Protein chains: 2
Amino acid sequence: MAPTVEGGDAALLPEFPRGPLDAYRARASFSWKELALFTEGEDMLRFKKTIFSALENDPLFARSPGADLSLEKYRELNFLRCKRIFEYDFLSVEDMFKSPLKVPALIQCLGMYDSSLAAKYLLHTLVFGSAVYSSGSERHLTYIQKIFSMEIFGCFALTELSHGSNTKAIRTTAHYDPATKEFIIHSPDFEAAKFWVGNMGKTATHAVVFAKLHVPGDQCHGLHPFIVQIRDPKTLLPMPGVMVGDMGKKLGQNGLDNGFAMFHKVRVPRQSLLNRMGDVTPEGTYVSPFKDVRQRFGVSLGGLSSGRVSILSLAVVNLKLAIAIALRFSATRRQFGPTQEEEIAVLEYPMQQCRLLPYLAAAYALDHFSKSLFLDLVELQRGHASGDCSARQAELGREIHALASAGKPLASWTAQQGIQECREACGGHGYLAMNRLGVLRDDNDPNCTYEGDNNVLLQQTSNYLLGLLAHRVQDGACFRSPLKSVDFLDAYPSILDQKFEVSSVADCLDSAVALAAYKWLVCYLLRETYQKLNQEKRSGSSDFEARNNCQVSHGRPLALAFLELTVVQRFHEHVHQPCVPPSLRAVLGRLSALYALWSLSRHAALLYRAERRRSCPGRRDRSS
Amino acid sequence: MAPTVEGGDAALLPEFPRGPLDAYRARASFSWKELALFTEGEDMLRFKKTIFSALENDPLFARSPGADLSLEKYRELNFLRCKRIFEYDFLSVEDMFKSPLKVPALIQCLGMYDSSLAAKYLLHTLVFGSAVYSSGSERHLTYIQKIFSMEIFGCFALTELSHGSNTKAIRTTAHYDPATKEFIIHSPDFEAAKFWVGNMGKTATHAVVFAKLHVPGDQCHGLHPFIVQIRDPKTLLPMPGVMVGDMGKKLGQNGLDNGFAMFHKVRVPRQSLLNRMGDVTPEGTYVSPFKDVRQRFGVSLGGLSSGRVSILSLAVVNLKLAIAIALRFSATRRQFGPTQEEEIAVLEYPMQQCRLLPYLAAAYALDHFSKSLFLDLVELQRGHASGDCSARQAELGREIHALASAGKPLASWTAQQGIQECREACGGHGYLAMNRLGVLRDDNDPNCTYEGDNNVLLQQTSNYLLGLLAHRVQDGACFRSPLKSVDFLDAYPSILDQKFEVSSVADCLDSAVALAAYKWLVCYLLRETYQKLNQEKRSGSSDFEARNNCQVSHGRPLALAFLELTVVQRFHEHVHQPCVPPSLRAVLGRLSALYALWSLSRHAALLYRAERRRSCPGRRDRSS
């Protein structure tokens, strides 16, 4: 176990080395140490410092930025580093329960070092390990200890070559053979090959494989997870019947070995079924505590929220790194000036400020959202673990699913756009590999795609909101959710009557103003989307067509605006708590207002259009 | 020399191989062969096919997509390929004069194969070679022949570590020593090192080095270009006093060796000065046909337009490649569908169409703009070559400078955003290196930065328009330019009184509608920017501050809207020519309308806001 960092503030937050940034730092209106303590808390700062110090002092983690590392060498290094992280044992199980935020903090620290390492570690522990733990039963507990000692190394094999988002169309099969008490795992053709599976390419010895479960009589009980050994842990040679390989070079995250696998009638013991949601008796009878396939499916994929929340936090890490690099460069790079002789730092240009500072604010707002959503998720998981079957628990699951399904897109896109802006804002120097902006962009990119394509996921959130409105219209139900993110909608007719009554620019510098506008916008978009959907259906579209025809113009902006509102709301509340040190209130308030106004400004056309419709209610805008 | 492609249409445009795209191709409303012939012309199609056939049949150009090539190996391969392109001698000098569009066509073909190759070839011939030819005199003609036989290999060294955009702050010096009749090229410190110079890292033997020319008495005559030998062509070892090296790994274009160089009192003969704009007599007297430093400087940097036009066309190549990959994938990838059993191609989803089809239209519109601007540039260069000193020639130079300075940003950003959208629209498959979208993005990225950062360049275009308006306001001058791109502004007060009077969506499907709106928008932005600038100055800002304070909110959108209008105008005229085959009119008209409306829609907030101000003229919008 790594030694923890002892000592007072000076050891925890030492002064920056002297350098060209001193002049800007001296001009700060607040103490950065105070801000760090408020944002992270001393215990968390100490935890992160312990991790960073361990990596800094370990030659295995020596960085060679911009190095020309071969694919093989990089993958090997990343595996060795992942193993070493387990040896350091930064986080005990007790600590995990006591301070759950240390789990994402550890992943974020690894992500700050290298996305491939964070992904490799996360996939083995939180994805593979959690799947075994949460979908399995007592008979699978032996695996858990082997996972943490890295005796076995795992991956999570759901996606196939032909199907990712559409999980219901997954085609790998698992037929039960009562004669030998085994399941026969089989890939019917190459389009059913498991595909893109992280850790599968070179290193995984075991996989949680999702396959359609059939019992004798050929009755199919839908997708179930099985734990399948795919390689010999000693030789890493594939097991008989398993064809497994590496996907090859990717745009980024090349330390991670993504792989594919096909199964040719691979026999696994009956106990390989991770049987929490359904089991097969030795004789071949299917039994399940859940009533129907749909409900079982929901439970088995419930874990996806946790994946999305992790991705959200990794996207925030990428944004943080990029914005720090770009701002520091901008504060030292001088170009042009008021006279031929005097050049000024590029950060002094309004253009550079407008390009970069909103992303700094976004990093703070999204970082806070990511932590708060993780704590919500912990509450949900504790409910699951304690067997909570209440309506509230189910509602909580739906709400978190809706927040995570739009939160991952918002964070990954903000990071994508922010990194690109940082890259360009650093000019040619931003194009040099050792300055890391390219790596960050390439490593962030899959955050937009995996665990559900961003555009597809946003539909989950707009569907959630539309469902609530339908429930209200049809049954008179209130808008109420456990985390209260939708409660404001209850007042939606009166919110829509409100007008923007701020009379000066200075008044806008409180995020409460943008918040009120956001509430109006979400109410407006929700009503418009609902009307558009019903109009589509009335004109003969199927439900499938109607939703597709509404998504671009209505559902997508609805989901994004709702999530932005939630992020703004949570950050606004956070920075206006009574416990905020007085010396930080001004700077935090500005960050909150900047993020809120900047986000809102991207909906400016919608706001103007909506106002126009209100002032001329008989006149429908031609663009609709 | 490569054999040219003979035979009729069948050889020139063979049928596509049968495959999963057949169904879509069969549904096309037009003949793709007819469209290809209209867009390119038979002669150009034949020329491109000659190039592609040569590369296809030459093992040196065998592609290994997604291969894990080391930096050294890639750079070596790229150099050998560049050399081979010279051996093929695709384009004779006569052909170049007869069909100037074959010059960018050759570069585009190389860019389609690999951006690094296009860049390497372009930098040696059109940047280094053109600089020697256009800035030098008869005594430098010996270099030209050596450039085309690749006896020497060149680079263009303007940018320094500390200064790129601000060329006036370049600090390398060239002191003339009459005793030895030599110039002494010197880098005063490491911040004055030549930096980022393409071809300099490993392969260039000669450089055009920009340095401040001093004659005895230490009088400085400003930046001048010198041809300096930096390496021994046989051993590639640096010449005495030259410290030259490679910049290392970049985000992309890694086949290109960007380098740095410092000169320690390197002596070169007096004749090394490329002396078109100024010369030094053997005794050390400076003589120039130009009156002042400012005018000389303008002439010496006049060549930048040609660089920007080349970059514009390379950005279009990247966009074309990406959109073709993403559309073909979308037409074959099936996911979800109206029923569980039936899946539909993702291209059928309105979301996928909205994400991709505007970029298809943009590729056509920008491709046409890129060619037409290149022909304008040829006209300008022919004027220069024939010694045209007319006011029209000077005006043409300024107009092309303004169009290229916004055209490069528009094209490079459209490509950047389009490739990113294509990457995401292909989901996980888009993240695999062999599918090339990542390489395209990484290779396109420097187009946003080099030859002037996009945001900095846009200021040139807004300054051009503001200058014309000031000229009108102060002297009553008309808006007239040789290429007529600003002529419509002459009617600007009456344009601003026009209203959008289209009454149906169908009417909007003619790019004339968007064109009219664009003209209104540019007039509006020009007036607002001019007013804002004067307001800033009246309130005490210096010219420098006033321009900086206007650029984000006014100058930048003005420059972009003006350029988009020009692109839309030229494409609109192109597809409405009488010579357009009747069977292509519908599809070309749709492409033109789609690009125009999509581009315009990004200014929707501005259009709404402007309308609001018009309806309540007394009420200034609070956001301003």
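Not measured: the values here are computed from a predicted model.

1. Topic: the overall build of chain A
Right, on to step 1. What chain A contains, in helices and strands, is 21 helices and eleven strands.
Right, on to step 2. Relative to the compact-globule value of 25 Å for 624 residues, chain A shows a C-alpha radius of gyration of 26 Å, a close match.
Right, on to step 3. Projected onto the principal axes, the alpha-carbon positions of chain A cover approximately 85 × 65 × 40 Å.
Right, on to step 4. Within chain A, the proportion of its 624 residues that are buried is 57%.
Right, on to step 5. For chain A, contacts bridging at least 24 residues in sequence account for 72% of all contacts bridging at least 6.
Right, on to step 6. For chain A, the accessible surface area stands at approximately 26,100 Å², while carbon and sulfur atoms represent 58% of it.
Right, on to step 7. Separation of charge centres in chain A, based on 71 positive and 64 negative side chains, amounts to 3 Å.

2. Description of the pairing of strand S8 (residues 258-263) of chain A
Residues and elements named next belong to chain A.
Right, on to step 1. Summarising burial for S8: five of the six residues are buried, a large majority.
Right, on to step 2. Pairing of strand S4 (residues 194-198) with S8, which is carried by three bridges, proceeds in the antiparallel orientation. When the sheet's bridge partners are listed, Val-197 is paired in S8 with Gly-259.

3. Considering the interface of chain B and chain A
Right, on to step 1. If you look at the interface, chain B gives 78 residues, while chain A gives 78 residues.
Right, on to step 2. Area buried by chain B at its contact with chain A is led by Leu-251, Tyr-431 and Tyr-608 of chain B, which between them contribute 13% of it.
Right, on to step 3. Here chain B is connected to chain A by ten salt bridges.
Right, on to step 4. For Arg-441 of chain B, the salt bridge identified is with Asp-442 of chain A, shortest N-O distance 2.7 Å.
Right, on to step 5. Those elements that place two or more of their residues in the side of chain B that touches chain A are strand S4 (194-198), helix H12 (350-385), helix H13 (391-425), helix H14 (437-444), helix H19 (543-575) and helix H21 (604-615) of chain B.
Right, on to step 6. Across the side of chain B that touches chain A, the residue classes break down as 30 nonpolar, 26 polar and 22 charged.

4. Focus: the sheet that holds S4 of chain B
Whether parallel or antiparallel, the strands of a sheet pair through hydrogen bonds between backbone atoms.
Residues and elements named next belong to chain B.
Right, on to step 1. Within the open sheet, the three strands sit side by side as S4-S8-S7. Their pairing is antiparallel. Either end of the sheet is taken by a strand with one partner, and the two such strands are S4 and strand S7 (242-246). Averaged over neighbouring strand pairs, the angle between their axes works out to 30 degrees when direction is ignored.

5. Observations concerning the sheet that holds S4 of chain A
Residues and elements named next belong to chain A.
Right, on to step 1. As summarised here, the arrangement of the three strands in space is S4-S8-S7, forming an open sheet in which the pairing is antiparallel. Strands with a single pairing partner mark the edges of an open sheet, and in this sheet they are S4 and strand S7 (242-246). On average, adjacent strands in this sheet sit at an angle of 30 degrees to one another, irrespective of strand direction.

6. Some words on the relation of the copies chain B and chain A
Right, on to step 1. Overlaying chain B with chain A gives an RMSD of 0.0 Å, the required rotation being 180 degrees about an axis along which the chain moves by 0.0 Å. The operation mapping one copy onto its partner corresponds to a two-fold rotation axis. Rotation axis and chain B: the residue whose C-alpha lies nearest the axis is Ala-605 of chain B, separated from it by 1.9 Å.

7. Overview of unusual backbone geometry
Residue and element names in this part refer to chain B.
Right, on to step 1. A positive phi is found at Trp-196, a non-glycine position, where the angle reads about 70 degrees.
Right, on to step 2. Topologically, Trp-196 is positioned in strand S4.
Right, on to step 3. On the basis of relative accessibility, which here comes to 16%, the residue Trp-196 falls in the buried class.
Right, on to step 4. Unusually for a residue other than glycine, Lys-265 sits at a positive phi of about 45 degrees.
Right, on to step 5. Inspection of the secondary structure puts Lys-265 in the loop between strand S8 (258-263) and strand S9 (266-269).
Right, on to step 6. Note on Lys-265: relative accessible area 54%, which makes it exposed.

8. Remarks on the packing of aromatic side chains
Residue and element names in this part refer to chain A.
Right, on to step 1. All chains considered together, the criterion is met by 30 aromatic pairs over all chains.
Right, on to step 2. Ring centres of Phe-479 and Tyr-492 lie 6.5 Å apart, and the angle between their planes is 85 degrees; this geometry places the pair in the edge-to-face category. Of the two residues, Phe-479 sits in the loop between helix H15 (454-475) and helix H16 (492-497) while Tyr-492 sits in helix H16, which places them 13 residues apart along the sequence. Summarising the burial analysis for this pair, Phe-479 and Tyr-492 share the class buried.
Right, on to step 3. Ring plane angle 50 degrees and centroid distance 6.3 Å describe the contact between Tyr-595 and Trp-598, whose orientation is recorded as tilted. Taken together, the residues span about one helical turn, with Tyr-595 and Trp-598 both in helix H20 (residues 582-601) at a distance of three residues.
Right, on to step 4. Among the aromatic side chains, those forming a connected cluster through ring pairs are Phe-86, Tyr-121 and Phe-148.
Right, on to step 5. The cationic tip of Arg-25 hangs over the ring face of Phe-16; the distance from NZ or CZ to the ring centre is 3.7 Å.

9. Observations regarding the pattern of salt bridges
Right, on to step 1. Considering all chains together, one arrives at 70 salt bridges over all chains under this definition.
Right, on to step 2. Residue Arg-355 of chain B pairs with Glu-421 of chain B through a salt bridge whose shortest N-O separation is 2.8 Å. In this pair, Arg-355 of chain B is assigned in helix H12 and Glu-421 of chain B in helix H13, connecting sequence segments 66 residues apart.
Right, on to step 3. For Arg-355 of chain B, a relative accessible area of 8% corresponds to the buried category.
Right, on to step 4. Each of Glu-40, Lys-48, Lys-320, Asp-367 and Lys-371 of chain A takes part in one network of salt bridges that share partners.

10. Quick notes on the UniProt feature "active site" (unreviewed entry) in chain A
Right, on to step 1. UniProt records the feature "active site" (unreviewed entry) at Glu-451 of chain A, using the numbering of this structure.
Right, on to step 2. Topologically, Glu-451 of chain A is positioned in the loop between helix H14 (437-444) and H15.

11. Describing H13 of chain B
Right, on to step 1. The end-to-end C-alpha distance of H13 of chain B, which contains 35 residues, comes to 50 Å, matching closely the 51 Å that a straight helix rising 1.5 Å per residue would cover.
Right, on to step 2. Of all the 35 residues making up H13 of chain B, 27 are buried; the element is thus mostly covered by neighbouring parts of the structure.

12. Description of H21 of chain B
Right, on to step 1. Taking 1.5 Å of rise per residue, the twelve residues of H21 of chain B would be expected to cover 16 Å, and the 17 Å separating its terminal C-alpha atoms lies within 8% of that figure.
Right, on to step 2. Every buried residue belonging to H21 of chain B is among Ala-604, Leu-606, Tyr-608, Ala-610, Arg-612 and Arg-613 of chain B, and all of these are buried.
Right, on to step 3. Buried residues in H21 of chain B make contact with helix H21 (604-615) of chain A together with helix H18 (511-538), H19 and helix H20 (582-601) of chain B.

13. Regarding the packing of helix H5 (residues 71-88) of chain A against helix H8 (residues 115-135) of chain A
Residues and elements named next belong to chain A.
Right, on to step 1. Here H5 crosses H8 at 55 degrees, and the two axes come no closer than 9 Å. With respect to each other, H5 and H8 are oriented oblique. Between H5 and H8 the crossing geometry is right-handed. Each of Tyr-74, Asn-78, Phe-79, Arg-81, Cys-82, Ile-85 and Phe-86 in H5 lies in contact with H8, whose residues at this interface are Ser-116, Leu-117, Lys-120, Tyr-121, His-124 and Thr-125.

14. Some details on the side chain of Asp-114 of chain A
Residues and elements named next belong to chain A.
Right, on to step 1. Among the structural elements, Asp-114 can be located in the loop between helix H7 (102-113) and H8.
Right, on to step 2. No salt bridge is formed by the buried Asp-114. Its closest oppositely charged neighbour is Arg-81, at 4.5 Å.
Right, on to step 3. There is a polar contact of 2.9 Å between the side chain of Asp-114 and the backbone nitrogen of Ser-116.
Right, on to step 4. Discounting chain neighbours no more than four positions away, the residues touching Asp-114 are Tyr-74, Arg-436 and Asp-443.

15. Focus on the packing of helix H4 (residues 42-56) of chain B against helix H7 (residues 102-113) of chain B
All names here are of chain B.
Right, on to step 1. The N-to-C vectors of H4 and H7 enclose an angle of 35 degrees; their axes lie 10 Å apart at closest approach. Pair H4 / H7 crosses with right-handed handedness. Where H4 approaches H7, its residues Asp-43, Met-44, Phe-47, Lys-48, Ile-51, Phe-52 and Leu-55 are matched on the opposing element by Lys-102, Ala-105, Leu-106, Gln-108, Cys-109, Met-112 and Tyr-113.
Right, on to step 2. The residue inventory of the contact of H4 with H7, partitioned by class, reads ten nonpolar, one polar and three charged.

16. Re the confidence of the model for chain A
Right, on to step 1. With 95% of its residues at a pLDDT of 70 or more, chain A has an overall mean of 92.
Right, on to step 2. Scored below 50 in pLDDT, residues 619-624 of chain A shows 16 contacts in the model against residues more than four places distant or in partner chains.

The rules behind these values
Residues numbered from 1 in each chain as written. Chains lettered and ligands numbered in written order. Predicted model: local features only at pLDDT ≥ 70, side-chain atom pairs only at ≥ 80, totals over all residues. Heavy atoms only, no water. Helix = DSSP H or I, 4+ residues; strand = E, 2+ residues; numbered from the N terminus. Rg over C-alpha atoms; globule rule 2.2 N^0.38 Å. Buried < 20%, exposed > 50% of the residue type's maximum accessible area, 1.4 Å probe, protein only. Contact = heavy atoms within 4.5 Å. Areas by Shrake-Rupley, 256 points an atom, 1.4 Å probe, with all protein chains shown as cover. Lys, Arg positive; Asp, Glu negative; His and termini not counted. Charge placed at Lys NZ, Arg CZ, Asp CG, Glu CD. Pairing = 2+ DSSP bridges. Buried area = accessible area lost by both parts, 1.4 Å probe. Salt bridge = Lys/Arg side-chain N within 4 Å of Asp/Glu carboxyl O. Nonpolar A, V, L, I, M, F, W, Y, C, P; charged D, E, K, R; others polar. Axes fitted to C-alpha atoms, helices over the stretch in contact; angles between N-to-C directions. Least-squares fit on C-alpha atoms with pLDDT ≥ 70 in both. Phe/Tyr/Trp six-rings, centres within 6.5 Å; stacked < 30°, edge-to-face > 60°. Lys NZ or Arg CZ within 6 Å of the ring centre and 35° of its normal. UniProt positions renumbered as here; feature names shortened; annotations may be inferred. Expected span 1.5 Å × (residues − 1). Parallel < 35°, antiparallel > 145°, perpendicular 65-115°, else oblique. Left-handed = near helix turned anticlockwise from the far one by under 90°. Polar contact = N/O pair within 3.5 Å; in protein donor to acceptor, adjacent residues only side chain to side chain. pLDDT = per-residue confidence, 0-100.

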